[in-house]
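Coordinates in review
Next come the chains, spelled out residue by residue.
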Amino acid sequence: MIRVAVQPGVIDVAAEYAAHDAGGYGASASFVGRVRGDDGLTELFLDHHPVLTASGLEALAGEAGARWSLGALTLIHRVGGMAPGETIVLVLASSAHRAEALAAVEFLIDRLKTDVMLWKRETFGDGRAAWVEQREGDHKRAERWG
Amino acid sequence: MIRVAVQPGVIDVAAEYAAHDAGGYGASASFVGRVRGDDGLTELFLDHHPVLTASGLEALAGEAGARWSLGALTLIHRVGGMAPGETIVLVLASSAHRAEALAAVEFLIDRLKTDVMLWKRETFGDGRAAWVEQREGDHKRAERWG
Amino acid sequence: MSLKLSYFAWVRERMGTGEESVTLPDDVRTVADLILWLAARDDAGARAFAEPMRIRAAVDGHMAGPGAVVPRSGEVALFPPVTGG
Amino acid sequence: MSLKLSYFAWVRERMGTGEESVTLPDDVRTVADLILWLAARDDAGARAFAEPMRIRAAVDGHMAGPGAVVPRSGEVALFPPVTGG
């Protein structure tokens, strides 16, 4: 059971866990990324492509499903404006085997940074606003997966 | 905030997540291990040492805290008898950085298999019961962490 | 025939719009040609495409390098390197 | 002075008890000596400690190899390789 979503609304992590868990697989791994309020950040805005962002996530989910034996996979990315503490991304993978669930989550979060059409803009309390530049480290982590 | 527990009672994953999340860190990674009902298994029993099992978990949590910069860590292991689908272990780590949260969770679940005084006995529907033998693969994974 | 161009992140901001339809001159054949054409077209284009090396493109939903052929109809998306996750 | 011995998993089952207090003979000095002594003591010990290589030990809460010295008081835990997680 694969669930992929790109949504402007709040990600309800508890509800997604409950929906995902239905199968009762032996091992579930997850990653939750939240907006950090560092340096006085007041808003994070994520720009996205109305079609290609979702199809990019679906392609990544499909690739994870091909690489590892997964019973269930949830991959949800928020877009638009959000406040510090709010959830940007949720990755949740279940498998009979812990190594597969953990590897799938790590693969997905790494590749999300470099392969999916999403762009972050940070706004700070003093009025500054800037688009986030891609970091070299993100590419290094994503490239580990070949 | 480190929370470590060894408990005979059901692990309330949602409540543990809610308690853990209080700080609002940027990245949270988790692992949930559940009893698998493979081959007609009806009960999993975990034997433990009344003192050393908890101190072993606390030592592992401390080692993870020394290796990675973690804002919060939850490490809960159930003991005693449990049914298929029930949660055996919950690992939840939060950090400002995703790589640290993910690595800490993987480290903890790998080392839990080899370093903490816990022993599994499986009972099957046909009456067979047997203590689980340690697997070579578990040692290989645990040794990656040096 | 017209081609849909869509812009994202600071490319969108500098262009002052998220999308437009254009009819390309015959000599605009590749993604690199398209970027140079937009940069020369007006002030907004000059600001958005001053540094072509910082621009990525997707043609009809697939990532495309500077030498990729631009279709006469369909969609070309132009944007900075992605920063999701 | 007496030493507390505690048993886990199939060692506990075969010994028929989770713990006991013993007074060790003077010539039982190491963990290996203790295992051989228990194996020779009675039928339960013979069953539990027939394969000393499969037994692990913790002395006063610290993992201890076969050559580790057994104290005259305190606690020695004897058990199979762990299988938690």
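First, a word on what this report is: a plain description of the structure on this page.

In this section: the nonpolar core. Buried together is how nonpolar side chains tend to be arranged in soluble globular proteins. With 66 residues, the main nonpolar core has Phe31, Val91 and Leu112 of chain A together with Phe31, Val91 and Leu112 of chain B as its most contacted residues. Other than its neighbours up to four places away in sequence, Phe31 of chain B contacts Ala27, Ser28, Ala29, Arg98 and Leu102 of chain A together with Val89, Leu90, Val91, Val105 and Ile109 of chain B.

Between chain B and chain A, the superposition needs a rotation of 180 degrees and an axial shift of 0.0 Å, giving an RMSD of 0.0 Å. In short, the pair behaves as if placed about a two-fold rotation axis. Relative to the rotation axis, the closest C-alpha in chain B is found at Ser30 of chain B, a distance of 2.5 Å. Interface overlap between copies: 100% of the residues of chain B at the interface are likewise at the interface in chain A, consistent with a symmetric, same-surface contact.

Contacts between the two partners involve 18 residues from chain C and, on the opposite side, 22 residues from chain A. Here chain C meets chain A over a buried area of about 1600 Å², counting both sides, of which 58% is carbon and sulfur. Among the residues chain C hides against chain A, the three largest losses belong to Val82, Thr83 and Gly85 of chain C. Together they make up 41% of the total. Our count for the chain C to chain A interface comes out at three salt bridges. In this structure, Arg121 of chain A and Glu13 of chain C form a salt bridge, with 3.2 Å as the shortest nitrogen-oxygen distance.

Turning to the pattern of salt bridges, a few remarks are in order. Once their charged atoms are close, side chains differing in charge can pair, the charge on each being opposite to the other. Scanning all chains against the criterion turns up 44 salt bridges over all chains. Residues Arg111 of chain A and Asp115 of chain A are paired through a salt bridge, measuring 2.8 Å at the closest nitrogen-oxygen approach. In this pair, Arg111 of chain A and Asp115 of chain A are both assigned in helix H3 (residues 98–115), four residues apart and thus about one turn of the helix distant. Asp115 of chain A gets classed as partly exposed once you look at its relative accessible area, which sits at 38%. The residue Arg3 of chain B makes a salt bridge to Glu16 of chain B at a minimum N-O spacing of 2.7 Å. With Arg3 of chain B in strand E1 (residues 2–7) and Glu16 of chain B in helix H1 (residues 13–20), the pair connects residues that are 13 residues apart, well separated along the chain. Beyond isolated ion pairs, a larger network of salt bridges with shared partners links Arg98 of chain A together with Glu106, Asp110, Arg135, Asp138, Arg141 and Arg144 of chain B.

All names here are of chain C. Burial analysis of strand E1 (residues 3–7) places four of its five residues in the buried class, which makes it a mostly covered element. Bridge count between E1 and strand E2 (residues 19–22): four bridges; the pairing is antiparallel. Bridge assignment links Leu5 to a residue of E2, and that residue is Glu20. Bridge analysis of E1 against strand E5 (residues 74–79) gives five bridges, and the strand direction is parallel. Paired with Leu5 across the strands is Val76, a residue of E5.

Reading the values: rules and limits
Residues numbered from 1 in each chain as written. Chains lettered and ligands numbered in written order. Predicted model: local features only at pLDDT ≥ 70, side-chain atom pairs only at ≥ 80, totals over all residues. Heavy atoms only, no water. Core = buried A, V, L, I, M, F, W, Y, C linked by side-chain atoms within 4.5 Å. Buried < 20%, exposed > 50% of the residue type's maximum accessible area, 1.4 Å probe, protein only. Contact = heavy atoms within 4.5 Å. Least-squares fit on C-alpha atoms with pLDDT ≥ 70 in both. Buried area = accessible area lost by both parts, 1.4 Å probe. Salt bridge = Lys/Arg side-chain N within 4 Å of Asp/Glu carboxyl O. Helix = DSSP H or I, 4+ residues; strand = E, 2+ residues; numbered from the N terminus. Pairing = 2+ DSSP bridges.

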